[in-house]
Amino acid sequence: LNCLHWFRRDLRLQDNPALSYATFIANQCQTHACAIYIISPEDMKLHDDAPIKIDFWMRNLKCLQQELDKLNIPLVIKTVPKRRDIPQVLLDFCDQHGISELTINHEYEVDEDARDKKVQRLFESKGKHVHGFHEQCVIQPGKLMTQSNKPYTVFTPFKRAWLSLVEVHKISPGQFADLQLAPKLEANDVKVRDSNSSFHTLFTDKSLTTIPDSVPGFEMPADLQKTAHQMYPAGEADAHSRLDNFVRDKVKLYDKKRSLPGEPYTSTLSPHFASGIISSRQCLQAAVKANNGKLSSGSDGIQSWIQEIIWRDFYRHVLVHYPKVCKNQPFRDEGNNIQWATYNEDEENEAFFAWCEGRTGYPIIDAGMRQMNATGWMHNRLRMATAMFLSKDLLINWQRGERYFMQCLIDGDLASNNGGWQWAASTGTDAQRYFRIFNPMLQSEKFDKSGDYIRRWVPELKTIRGPAIHDPYHVLDRKAFEALNYPKPMVDHKFGRDRALQAYKAAMHAG
Ligand code: FAD
């Protein structure tokens, strides 16, 4: 009855229900527990995982391995070149080490879910067991349905139902088991037994436990790596001190400042959420505690931050109920009818790469894209604005942008990225219609009034003072503009807006 926990995007020790269960079985049955992480370069390629994210995974695995060591749980690393081989590799490993129980935390994406079902079938056919747990959301997908037992497709009623379910649990703790944190793991939790068994090679054989610094094909440029290591130190402890600092110093101002990209008033915990280094329940608990136990009243800042955790749950629930969003399909079928701008291929590539590299001639858009290229992270306000610029002003298929974001982001996450892109491109769940089109200049004046954020990321504009920072091409005289060596706007906003409105109107009313 040796037990194996298979880590995926749950790279933490605490509040990890599947890992806790593995240690529980090992203790109850007086057997061993070990853990495995499978590096699957084919999955990484197919899912457009960014090198900066993979580097973050590797660094976090090293911290996790040290912490697991204290519990007497060895962490084995295996690279499996073909993803279809994963179930058999797992089974062979279990056979070799007398393991009959496998624990996992569910992953909801279509490919991952199919892989897990295959693993389960294979294990069961050999008399072994797979124990699955839900830990990605505060409320498990499927547990929050409308009165007519349908999935929610609009955020506001989902939020209302979410808050009342969580409130019920707060009033009568234990009523709603999902909210309980998994049992805490302590040093020497698992006993080391039977030092003659093959199991013990897992503690000593370096070839089984070495975590690579990088995965071939996903190496990072040195300057980006240096930035990532400074901005995002690895480990659960760092994630928790980030959470503590945010809750202590910033969350109460979150409602007022969260939209200002130049001010550090968001938690920057998204890389940790996306890799499972911290759980949404842990964050919710910290927020509620700082709000004197209140969930839907008290500090506006805290309520507003809790709302973001609800958005995260919402997009995961949507992904589970509408798996088509994992398969390159818009949530709204009308999204398939949009006639994207008729560029020839070279023109489209040129426009797309100008957007990717932050050379659109719209300072706020360029600042956002350059922040992401330089750090692997972009402020939410700019994610919305840049995504809308691509899908509306440039009328380029949002799916190209969605992929590019995944290839760059340290927090790249299918559910949130796809949800955000479909929101911006008006093909998603949102009740608002296609006529919401941000004006980049107004976004800039409103959310980066001083222009400091732009000056930071677009050095060509760093000498500009005053309102010209938001629209140098139209405000400065020609000579002064040319001296900047900064591109003129690649598309006129009014033209782009009208073109998008026409294309979207035709698509949404077609058929
Ligand atoms: P905070 O403002 O501190 O929010 C706390 C947490 O709540 C975040 O860490 C995140 O886990 C969650 N959250 C916040 N906003 C959202 C949201 N709108 N949707 C879902 N969850 C949210 N987020 C990702 O984690 N990965 C992505 O790949 C991703 N791609 C996006 C693409 C687009 C086009 C858009 C518009 C948004 C995207 N988001 C994505 C959501 C959001 O921009 C980031 O989660 C947020 O900017 C992360 O910063 P933070 O950790 O400081 O967030």
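Since this is a predicted model, take the numbers as computed values, not measurements.

Conventions we followed
Residues numbered from 1 in each chain as written. Predicted model: local features only at pLDDT ≥ 70, side-chain atom pairs only at ≥ 80, totals over all residues. Heavy atoms only, no water. Domains from an automatic or database assignment. Contact = heavy atoms within 4.5 Å. Buried area = accessible area lost by both parts, 1.4 Å probe. Salt bridge = Lys/Arg side-chain N within 4 Å of Asp/Glu carboxyl O. Nonpolar A, V, L, I, M, F, W, Y, C, P; charged D, E, K, R; others polar. Core = buried A, V, L, I, M, F, W, Y, C linked by side-chain atoms within 4.5 Å. Buried < 20%, exposed > 50% of the residue type's maximum accessible area, 1.4 Å probe, protein only. Helix = DSSP H or I, 4+ residues; strand = E, 2+ residues; numbered from the N terminus. Pairing = 2+ DSSP bridges. Right-handed = clockwise from strand over helix to strand, strands pointing away. Expected span 1.5 Å × (residues − 1). Arc of directions from axis to C-beta. Axes fitted to C-alpha atoms, helices over the stretch in contact; angles between N-to-C directions. Parallel < 35°, antiparallel > 145°, perpendicular 65-115°, else oblique. Left-handed = near helix turned anticlockwise from the far one by under 90°. Near = heavy atom within 4 Å. Polar contact = N/O pair within 3.5 Å; in protein donor to acceptor, adjacent residues only side chain to side chain. Areas by Shrake-Rupley, 256 points an atom, 1.4 Å probe, with all protein chains shown as cover. Phe/Tyr/Trp six-rings, centres within 6.5 Å; stacked < 30°, edge-to-face > 60°. Lys NZ or Arg CZ within 6 Å of the ring centre and 35° of its normal.

Please explain the domain arrangement of the protein chain as it appears in this structure.
Size of an interface, as often reported, equals the accessible area lost when the parts are brought together. If you check the domain split of the protein chain, you get domain 1 (1-135), domain 2 (136-180 + 236-321) and domain 3 (333-509). Here the C-alpha centre of domain 3 lies 39 Å away from the C-alpha centre of domain 1. At the interface, nine residues of domain 1 touch 10 residues of domain 3. Interface area for domain 1 against domain 3, summed over the two sides, is near 760 Å², with a carbon-plus-sulfur share of 55%. Its largest share of buried area at the contact with domain 3, domain 1 owes to D48, I52 and K53, together 61% of the area lost on that side. Remark: the boundary between domain 1 and domain 3 carries one salt bridge. As a salt-bridge pair, R403 and D48 come within 2.9 Å of each other at their nearest N and O atoms. Along the lines of polarity and charge, the residues of the side of domain 1 that touches domain 3 split into four nonpolar, one polar and four charged.

Sorry, what's going on with the nonpolar core here?
Side chains of a nonpolar character, in soluble globular proteins, are inclined to be buried together. The biggest cluster of nonpolar side chains holds 127 residues, and the ones touching the most others in it are Y37, L68, W162, W305 and W355. Ranked by residues supplied to this core, first place goes to helix α14 (residues 300-321) with 10 residues. Residues in contact with W305, not counting those within four places in the same chain, are L243, F246, V251, Y254, S267, L269, C283 and A287. Residues L4, V76, I104 and F123 belong to the second largest nonpolar core, which totals 21 residues.

Honestly, the pairing of strand β5 (residues 129-133) in this entry has me stumped. Any pointers?
Sheet faces and side chains relate simply in a regular strand, where the side chains alternate between the two faces. Pairing analysis gives five bridges linking strand β4 (residues 99-105) to β5, with the strands arranged parallel. In the sheet register, I104 faces β5, and the bridge partner there is G132. This β-α-β element, β4 to helix α5 (residues 110-125) to β5, shows right-handed connectivity.

Could you clarify how one ought to interpret unusual backbone geometry in this entry?
Across residues other than glycine, the phi torsion is negative in most instances, and most of the peptide bonds are trans. You will see that D15, though not glycine, has its phi angle at about 50 degrees, which is positive. Within the secondary structure layout, D15 lies in the loop between β1 (2-7) and α1 (17-28). A positive phi is found at N485, a non-glycine position, where the angle reads about 60 degrees.

When you look at α5 in this model, what are you seeing that I'm missing?
Side chains three or four residues apart in an α-helix point the same way, a direct result of the helix having 3.6 residues per turn. For α5, which comprises 16 residues, the first-to-last C-alpha distance of 23 Å matches the rise-based estimate of 22 Å (1.5 Å per residue) to within 8%. Looking at α5, one finds that the buried residues are E112, R115, D116, V119 and F123. Down the axis, α5 shows its buried residues gathered within 100 degrees of arc, on one side only. Exposed side chains of α5 directed beyond 90 degrees from the buried face belong to R121 and S125. The inward-facing, buried residues of α5 abut β1, α2 (41-46), α4 (86-96), β4 and β5. Remark: G127 follows α5 within two positions and exhibits a positive phi of approximately 75 degrees.

Any chance you could explain the environment of P141 here in plain terms?
Mapped onto the elements, P141 comes out in the loop between β5 and α6 (155-171). Classification of P141 by relative accessible area gives buried; the value is 11%. Residues P141 and V475, 334 residues apart in the sequence, show an inter-C-alpha distance of 50 Å.

What should I look at first to understand the packing of helix α15 (residues 345-357) against helix α18 (residues 398-408) in this one?
Between two packed helices, both the angle of their axes relative to each other and the distance between the axes serve to describe the pair. Direction vectors running N to C along α15 and α18 enclose 40 degrees, while the axes themselves pass 12 Å from each other. Here α18 runs oblique to α15, going by the angle between their axes. Where α15 crosses over α18, the two elements pack in a sense that is right-handed. Contacts from E348, N349, F352, F353, W355 and C356 in α15 reach R400, G401, Y404 and F405 in α18. Its residues placed into classes, the contact of α15 with α18 shows six nonpolar, two polar and two charged.

Looking at this structure, I do not really get the pattern of salt bridges. What am I missing?
Per the counting criterion, the structure on display carries 33 salt bridges. Here E348 ties to R400 by a salt bridge, and the two come within 2.9 Å at their closest N and O atoms. With E348 in helix α15 and R400 in helix α18, this pair connects stretches of sequence that are 52 residues apart. A salt bridge links D452 to R455, with the shortest nitrogen-to-oxygen separation between them at 3.2 Å. Taken together, the positions of D452 and R455, both in helix α21 (residues 452-457) and three residues apart, correspond to about one turn of that helix. Through salt bridges with shared partners, one network takes in R8, R9, E107, E109, R115 and D116.

It is not clear to me how the sheet that holds β4 should be interpreted in this structure. Could you clarify?
Two orientations exist for strands paired in a sheet by backbone hydrogen bonds: parallel and antiparallel. A sheet is described by the order of its strands in space; here five strands give the open sequence β3-β2-β1-β4-β5, paired in parallel fashion. The sheet terminates laterally at β3 (75-79) and β5, the two strands that pair on one side only. Each adjacent strand pair in this sheet contributes to an overall mean axis angle of 25 degrees, direction not counted. Where strand β2 (residues 33-39) meets β3, five bridges bridge the pair, whose relative direction is parallel. For I39, the partnering residue across the bridge sits in β3 and is T79. Set on the sheet, helix α3 (residues 51-70) makes contact with β1, β2 and β3; between it and β2 the angle comes to about 170 degrees.

Sorry, what's going on with the site of the ligand here?
Around the ligand, the structure places 27 residues, and the nearest of them are Y254, T266, S267, T268 and N380. Interatomic distance of 2.4 Å between a side-chain N/O atom of Y254 and an oxygen atom of the ligand. Here W305 contributes a side-chain N or O atom positioned 2.9 Å from an oxygen atom of the ligand. Protein contacts shield 96% of the accessible area of the ligand, which totals 820 Å² for the unbound molecule. Of all elements in the fold, only α12 (270-275), α14, α17 (380-393) and α19 (414-424) reach the threshold of two or more residues within the shell around the ligand. Here the shell around the ligand takes five residues from α14, the largest share from any one element. Each residue belonging to the shell around the ligand can be placed in one class, and the counts come to 13 nonpolar, nine polar and five charged.

Teacher, can you tell me more about the packing of aromatic side chains here?
What describes a pair of aromatic rings is the distance from one ring centre to the other and the angle between the planes of the rings. Tallied over the full model, the rule gives 24 aromatic pairs. Arranged with centres 4.9 Å apart and planes meeting at 55 degrees, the rings of F246 and W305 form a pair that is tilted. Highlighted residues: F246 in helix α10 (residues 236-249) and W305 in helix α14, separated in sequence by 59 residues. The pair formed by F246 and W305 is uniform in burial state, with each residue classed as buried. Look at W355 and F405: their rings are 6.1 Å apart centre to centre, the planes differ by 10 degrees, and that puts the pair in the stacked class. On the criterion of sequence distance, the pair formed by W355 in helix α15 and F405 in helix α18 is long-range, its members being 50 residues apart. Across this residue pair, the class does not change: W355 and F405 are buried. By way of ring pairs, the aromatic residues Y152, F155, F158, W311, F314 and Y315 are connected into one cluster. Sitting over the face of the ring of F218, K45 holds its NZ or CZ atom 4.9 Å from the ring centroid. Positioned over the ring face of F447 is R381, at 4.1 Å from the centre of the ring.

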